[in-house]
Amino acid sequence: MKTLVRPLGAAAVALVLLIGGTSTAQAYHLQGPKLSTSSPTFSIDSGSSASRTAWTSGISDWNDASAGVSLSTTSGTGTATLGDANDSSVGWDGITYYSWNNNTNIVTDVSAYLNVAYTASYDAAKRKGVAAHEIGHVLGLDHTSSCVLMNPTTPDRTDCGVSTPQSDDVNGVRSLYATNNFSEQESRPATTGHTVMHLSQAKTFNSLKSLHQGADAVVLATVGSKSESIKNGIPFTDHQLKVLRWLKGGSADGTATIHQTGGTVNGELIQDELEPLLQQGQTGIYFLHQYAPGKFFIIGGADGRFNVAINAGTATATSAKLKGVSNSLASVISQTQALTAAEKK
Ligand SMILES: [Zn+2]
């Protein structure tokens, strides 16, 4: 079993020791808004029978979990829409996208998709686990980095044997709909913000070596201009890179764009909090998958991304899983080049 990072662990243990209590610590995170009803209906709009089965199984799991909610499917317009996408230009196997009313804190529009580009090759339990995870978002849960359903990466959930709501996930949903205890509610973003997306990463990496192995290409580059698009209601951004040096692989003509999920819709920036959009002018080392000639996405979400400060000589991992890697730019470059050289032998 993998040891997962639990950023709240130390604080929670300290608190329990201080008050001498025996109650279990809460680790769940709430997004803030919730559905208008504890008996939501779900419209399943999916061309894949495997996806439909995963969604209905995920709904059953939540109904069986005594979470204070009663979920059902509808052939009409539901409280939420569950569907699928088929997109090999992204690293996520599931996404939930929703908007809410800032005055009422009630969700007004929510859709979740399984990405069959990944989930088609999953076994039924793993695919159902992604569906149940996305339904957790629909109900109002944010990510939690421990061995629970709301862990943001599918490999971490699979490795620790989780494909159904765990007690921490259930407590989070109960706090929203049953006990109305909002003590764990996170403060909402700026008052203009009322849309959020969550990505479930299909892959995750915890060492420079595994990142290098999982990448078609590794590049030291500065982010240039961007273009935005919308597909199935989901915003995407393509960043032109100014390549400083390829550390592994590369494109045929040396140019590269990085494709990211997220963008600006009606003037509002919408992005995954764990994989925020790159900013023009920032420099980084990026571990990439090439899905079309010259077109890449960063592997493992935050994992494949190091922020570089050329003058300071630093390359800092953005993922907590990679914090053990030296943040010396020269060291990250030389280690990466050594891995590339070893691979060619
Ligand atoms: Zn998620």
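Keep in mind it's a predicted model, so treat the numbers as computed, not measured.

Conventions used here
- Residues numbered from 1 in each chain as written.
- Predicted model: local features only at pLDDT ≥ 70, side-chain atom pairs only at ≥ 80, totals over all residues.
- Heavy atoms only, no water.
- Helix = DSSP H or I, 4+ residues; strand = E, 2+ residues; numbered from the N terminus.
- Buried < 20%, exposed > 50% of the residue type's maximum accessible area, 1.4 Å probe, protein only.
- Contact = heavy atoms within 4.5 Å.
- Areas by Shrake-Rupley, 256 points an atom, 1.4 Å probe, with all protein chains shown as cover.
- Donors = N, O, S within 2.8 Å, 3.2 Å for Na, K, Ca; no water.
- Phe/Tyr/Trp six-rings, centres within 6.5 Å; stacked < 30°, edge-to-face > 60°.
- Lys NZ or Arg CZ within 6 Å of the ring centre and 35° of its normal.
- Disulfide = S-S within 2.5 Å.
- Pairing = 2+ DSSP bridges.
- Axes fitted to C-alpha atoms, helices over the stretch in contact; angles between N-to-C directions.
- 1 Å grid on protein atoms, 1.4 Å probe; cavity = no way out; pocket = protein on both sides within 12 Å on 5 of 7 lines; lining within 4 Å.
- Points joined across faces, edges and corners; volume = space filled by probe spheres on them.
- Nonpolar A, V, L, I, M, F, W, Y, C, P; charged D, E, K, R; others polar.
- Domains from an automatic or database assignment.
- Salt bridge = Lys/Arg side-chain N within 4 Å of Asp/Glu carboxyl O.
- Polar contact = N/O pair within 3.5 Å; in protein donor to acceptor, adjacent residues only side chain to side chain.

Engineer: Any chance you could explain the overall build of the protein chain here in plain terms?
Structural biologist: When helices and strands are counted, the protein chain shows 8 helices and 14 strands. Counting over 345 residues, the protein chain shows a buried share of 50%. Long-range pairs, those at least 24 residues apart, make up 70% of the contacts in the protein chain between residues at least 6 apart in sequence. When the accessible surface of the protein chain is summed, it comes to about 14,900 Å², and 50% of that surface belongs to carbon and sulfur atoms.

Engineer: Please clarify how the coordination of the zinc ion should be interpreted in this entry.
Structural biologist: When four donors bind a metal tetrahedrally, each ideal donor-metal-donor angle is 109.5 degrees, and when six bind octahedrally, the ideal angles are 90 or 180 degrees. H133 (NE2), H137 (NE2) and H143 (NE2) make up the full set of protein donors to the zinc ion, lying at 2.0 Å. Judged by relative accessible area, H137 falls into the buried class, the value being 0%. In this structure H143 comes out as buried when scored by relative accessible area, which is 7%.

Engineer: For this particular structure, what's the right way to read the packing of aromatic side chains?
Structural biologist: For any pair of aromatic rings, the description consists of the separation of the ring centres together with the inter-plane angle of the planes. Taken as a whole, this structure holds 4 aromatic pairs when the rule is applied. Centroid distance Y98 to W100: 6.0 Å. Interplanar angle 50°. Geometry classified as tilted. When its relative accessible area of 3% is taken as the criterion, W100 is described as buried. When the ring of W246 is compared with that of F296, the centres are 5.8 Å apart and the planes differ by 45°; the resulting orientation is tilted. With W246 in strand 8 (residues 234-248) and F296 in strand 12 (residues 295-298), this pair connects stretches of sequence that are 50 residues apart. Relative accessible area serves as the criterion here: at 0%, F296 is assigned to the buried category. Sitting over the ring of Y122, K126 keeps its end group 4.2 Å from the ring centre.

Engineer: When you look at the pairing of strand 6 (residues 195-201) in this model, what are you seeing that I'm missing?
Structural biologist: Two faces, one strand: in a regular strand the side chains alternate between the faces of the sheet. Strand 6 sits mainly inside the fold: 7 of its 7 residues count as buried. The two faces of strand 6 match: T195, M197, L199 and Q201 on one face and V196, H198 and S200 on the other face are all buried.

Engineer: Is there a simple way to explain the state of the cysteines in this structure?
Structural biologist: Covalent bonding between the sulfur atoms of two cysteines is what defines a disulfide. In this structure the tally under the stated criterion is 1 disulfide. A sulfur-sulfur separation of 2.2 Å characterises the disulfide bridge that pairs C147 with C160. Because the torsion about its S-S bond is 115°, the bridge between C147 and C160 counts as right-handed. Here the residue C147 occupies a position in the loop between helix 4 (124-139) and helix 5 (154-159), and C160 occupies one in the loop between helix 5 and helix 6 (167-177), the gap between them amounting to 13 residues. Of the residues examined, C160 reaches a relative accessible area of 14% and is grouped as buried.

Engineer: Looking at this model, I keep getting lost on the sheet that holds strand 6. Mind explaining?
Structural biologist: Strands belonging to one sheet form pairs held by backbone hydrogen bonds; the direction of such a pair is parallel or antiparallel. With mixed pairing, the 6 strands of this open sheet are ordered in space as 2-1-3-5-4-6. Looking at strand neighbours, the two that pair on one side only are strand 2 (72-74) and strand 6, the edges of this open sheet. Geometrically, the sheet is characterised by an average inter-axis angle of 25° between neighbouring strands, direction not taken into account. Pairing between strand 4 (residues 92-101) and strand 6: 7 bridges, direction antiparallel. Along strand 6, the bridge assignment pairs Y97 with M197. Where helix 4 meets the sheet, it contacts strand 1 (41-45), strand 3 (80-85), strand 4, strand 5 (106-115) and strand 6, and its direction lies at approximately 15° from that of strand 4.

Engineer: How should I be thinking about empty space enclosed by the protein in this particular structure?
Structural biologist: By rolling a water-sized probe across the atoms, one finds the places where empty space is left. Going through the model one piece at a time under the given rule, you end up with 1 cavity of 30 Å³ or more. Contributing elements (two or more residues each) for the lining of the largest cavity: strand 6, strand 9 (257-265) and strand 12. No other element matches strand 9, which puts 3 residues into the lining of the largest cavity. In terms of residue class, the lining of the largest cavity is built from 5 nonpolar, 6 polar and 1 charged. Both domains that furnish three or more residues to the lining of the largest cavity are identified here as domain 1 (27-201) and domain 2 (208-344).

Engineer: What exactly am I supposed to notice about the pattern of salt bridges here?
Structural biologist: Close approach of charged atoms allows side chains of opposite charge to pair. On inspection of all chains with the given rule, the structure shows 5 salt bridges. E343 is paired through a salt bridge with K248; the nearest N and O atoms lie 3.1 Å apart. With E343 in helix 8 (residues 329-344) and K248 in strand 8, this pair connects stretches of sequence that are 95 residues apart. By relative accessible area, E343 is classed as partly exposed at 42%.

Engineer: What exactly am I supposed to notice about the environment of E228 here?
Structural biologist: Within the secondary structure, E228 sits in strand 7 (residues 217-231). The spatial distance from the C-alpha of E228 to the C-alpha of V265 is 9.4 Å, given a sequence separation of 37 residues. Ignoring anything within four residues of it in the chain, the contact list for E228 reads F236, T237, G263 and T264. Here T264 takes part through its side chain, which lies 3.1 Å from a polar atom of the side chain of E228.

The analysis is restricted to geometry; functional conclusions fall outside its scope.
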